[in-house]
Amino acid sequence: MRVYHMSQTLKPGDTLRPDFQRCRDLAMPFVRALMRGEDCFYAMVYGGQYLRAIFDHSRLTREWVDEVKWATEGIFEYIRLREYPDRISRLNCNYYFDDLDTLKVLFQYDWGSEPEEAAKVHIYAMELPEEEPQYCDMRLFDEAYDAMEKGQDLNTALQCARRYFASGRTSEPVLELLSEKSAAITGEMTRLHEELMAQCRAQAENQESAQAGASNPNPAGQ
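In this report, the structure presented in the accompanying data block is examined. (Residues numbered from 1 in each chain as written. Predicted model: local features only at pLDDT ≥ 70, side-chain atom pairs only at ≥ 80, totals over all residues. Heavy atoms only, no water.)

### Things to note about the pattern of salt bridges
Applied cut-off: By convention in these notes, a salt bridge is any Lys or Arg side-chain nitrogen within 4 Å of a carboxyl oxygen on Asp or Glu. Secondary structure elements are defined from DSSP: runs of H or I of at least 4 residues count as helices, runs of E of at least 2 residues count as strands, and each element is numbered from the N terminus. The cut-offs for exposure are 20% and 50% of the maximum accessible area for each residue type, with area from a 1.4 Å probe on protein chains only; residues under the lower value are buried, those over the upper are exposed, and the others partly exposed.
Tallying each qualifying case throughout the model produces nine salt bridges. The salt bridge involving Glu-77 is made with Arg-80; its shortest N-O contact spans 2.9 Å. You can see Glu-77 and its partner Arg-80 sitting in helix α3 (residues 67-83), three residues apart, about one turn around the helix. We classify Glu-77 as buried; its relative accessible area is 1%. Close ionic contact of Glu-83 with Arg-162 constitutes a salt bridge, the shortest N to O distance being 3.0 Å. Residue Glu-83 is located in helix α3, and its partner Arg-162 is located in helix α7 (residues 154-165); the two are separated by 79 residues in the primary sequence. What emerges from the salt-bridge pattern is a single network uniting Lys-69, Glu-73, Arg-90 and Glu-176.

Below, the structure is given as structure tokens:
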């Protein structure tokens, strides 16, 4: 089946393999902590916060230091292992979209106000040998992440994970396709990327203008 994928690291000619960035190693400690109990899990979260503070204080790059992200992934994998073992693991798959409208929305959501980062993104058409794709609503993961980030609300995150693997839907679902199969690039969608980049630059310029207006509400001569 024809699918689409966005990446800052994948190059033409590559084959996208499950967990090619080894994210599983970052999330599984949270799964093991949760299996031992909530206190152990929260200790891991607080440890991650301390590690992030050290990186910030030392002005070190912390691309992979996001305890909320990996704790949330750990929560989802914990629920999958215990309650939905037949569902595809988020830690051993890749994510695709089977329609361009969804991809466009997510491109703007992720990089709409950051043209420099958006310029690093590649959009690929891929051929995925998948007969039974697993669709899940990524908004449920976002809700779980927000619950952990804003209030360390483990119960809400657990409920989101259950709904996610049970194929539940939010009021405005954004469906991502999960697959454990490797996919081959069939083409890079450069024209679409240029179109989305133009929108990103326009959005960034509008934000800069709005901020300038807010900081100078009474221009000279008025």
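Structure shown, so let's carry the discussion forward.
### Some remarks on the side chain of Asn-94
Test applied: Counting of polar contacts relies on pairs of N or O atoms within 3.5 Å, with two restrictions inside protein: one atom must be capable of donating a hydrogen and the other of accepting it, and residues adjacent in sequence are counted only when both atoms are side-chain atoms.
Mapped onto the elements of the fold, Asn-94 is located in strand β3 (residues 94-96). Looking at Asn-94, its side chain comes within polar contact range of the main-chain oxygen of Arg-17, at 2.9 Å.

### Details of the packing of aromatic side chains
Note the threshold: By convention, a stacked pair of Phe, Tyr or Trp rings (six-membered ring in the case of Trp) has centres within 6.5 Å and planes under 30 degrees apart, an edge-to-face pair has planes over 60 apart, and any other such pair is tilted. We call a charge positioned above a ring when the Lys NZ or Arg CZ atom is no farther than 6 Å from the ring centre and deviates by at most 35 degrees from the ring normal.
Applying the stated criterion to the full structure yields nine aromatic pairs. Pairing Tyr-42 with Tyr-46 gives two aromatic rings, centres 6.4 Å apart and planes at 25 degrees, and the pair type is stacked. One end of the pair is Tyr-42 and the other is Tyr-46, both in helix α2 (residues 38-57) and four residues apart, which spans about a single turn. Taking the centre distance of 5.0 Å and the plane angle of 65 degrees together, the rings of Phe-76 and Phe-141 count as edge-to-face. Residue Phe-76 is located in helix α3, and its partner Phe-141 is located in helix α6 (residues 138-151); the two are separated by 65 residues in the primary sequence. Here Phe-76 and Phe-141 have matching classes, each one buried. By way of ring pairs, the aromatic residues Phe-76, Tyr-84, Phe-141, Tyr-164 and Phe-165 are connected into one cluster. The side chain of Arg-90 reaches across the aromatic face of Phe-76, ending 5.8 Å from its centre. Here the guanidinium or amino end of Arg-90 rests over the ring plane of Phe-141, the centre of that ring lying 4.0 Å away.

### Some remarks on the pairing of strand β4 (residues 122-127)
Worth spelling out the cut-off: A pair of strands is treated as paired once DSSP finds two or more bridges between them.
One ladder, built from six bridges, connects strand β1 (residues 2-7) with β4; its direction is antiparallel. Across the sheet, the residue bridging to Tyr-4 is Ala-125, located in β4. In terms of strand pairing, β4 meets strand β7 (residues 183-188) through four bridges, oriented antiparallel. In the strand pairing of β7, Met-126 is matched with Ile-185.

### Some remarks on α6
Since there are 3.6 residues in each turn of an α-helix, residues three or four apart along the chain are aligned in direction. Short version of the rule: Helices are assigned an expected span. That span is 1.5 Å times one less than the residue count. For this analysis, residues touch if any pair of their heavy atoms sits within 4.5 Å.
For α6, built from 14 residues, the straight-helix expectation of 20 Å at 1.5 Å per residue is met to within 8% by its first-to-last C-alpha distance of 20 Å. Listed in full, the buried residues belonging to α6 are Met-138, Leu-140, Phe-141, Ala-144, Tyr-145, Ala-147 and Met-148. Each element contacted by the buried residues of α6 is listed here: α2, α3, α4 (100-111), β5 (134-137), α7 and β6 (175-179). At the N-terminal boundary of α6, the capping side chain belongs to Asp-137, with an oxygen 3.0 Å from the backbone nitrogen of Arg-139. Downstream of α6 by a residue or two, Gln-152 has a phi angle that is positive, lying close to 50 degrees.

### Quick word on the side chain of Thr-102
Within the secondary structure, Thr-102 is located in helix α4. Not counting residues up to four positions away in its chain, the partners in contact with Thr-102 are Phe-97, Val-174 and Leu-175.

### Thoughts on the sheet that holds β4
Strand order in the open sheet formed by four strands is β1-β4-β7-β2, and the pairing between neighbours is antiparallel. For this open sheet the edge positions go to β1 and β2 (15-16), each flanked by a neighbour on one side alone.

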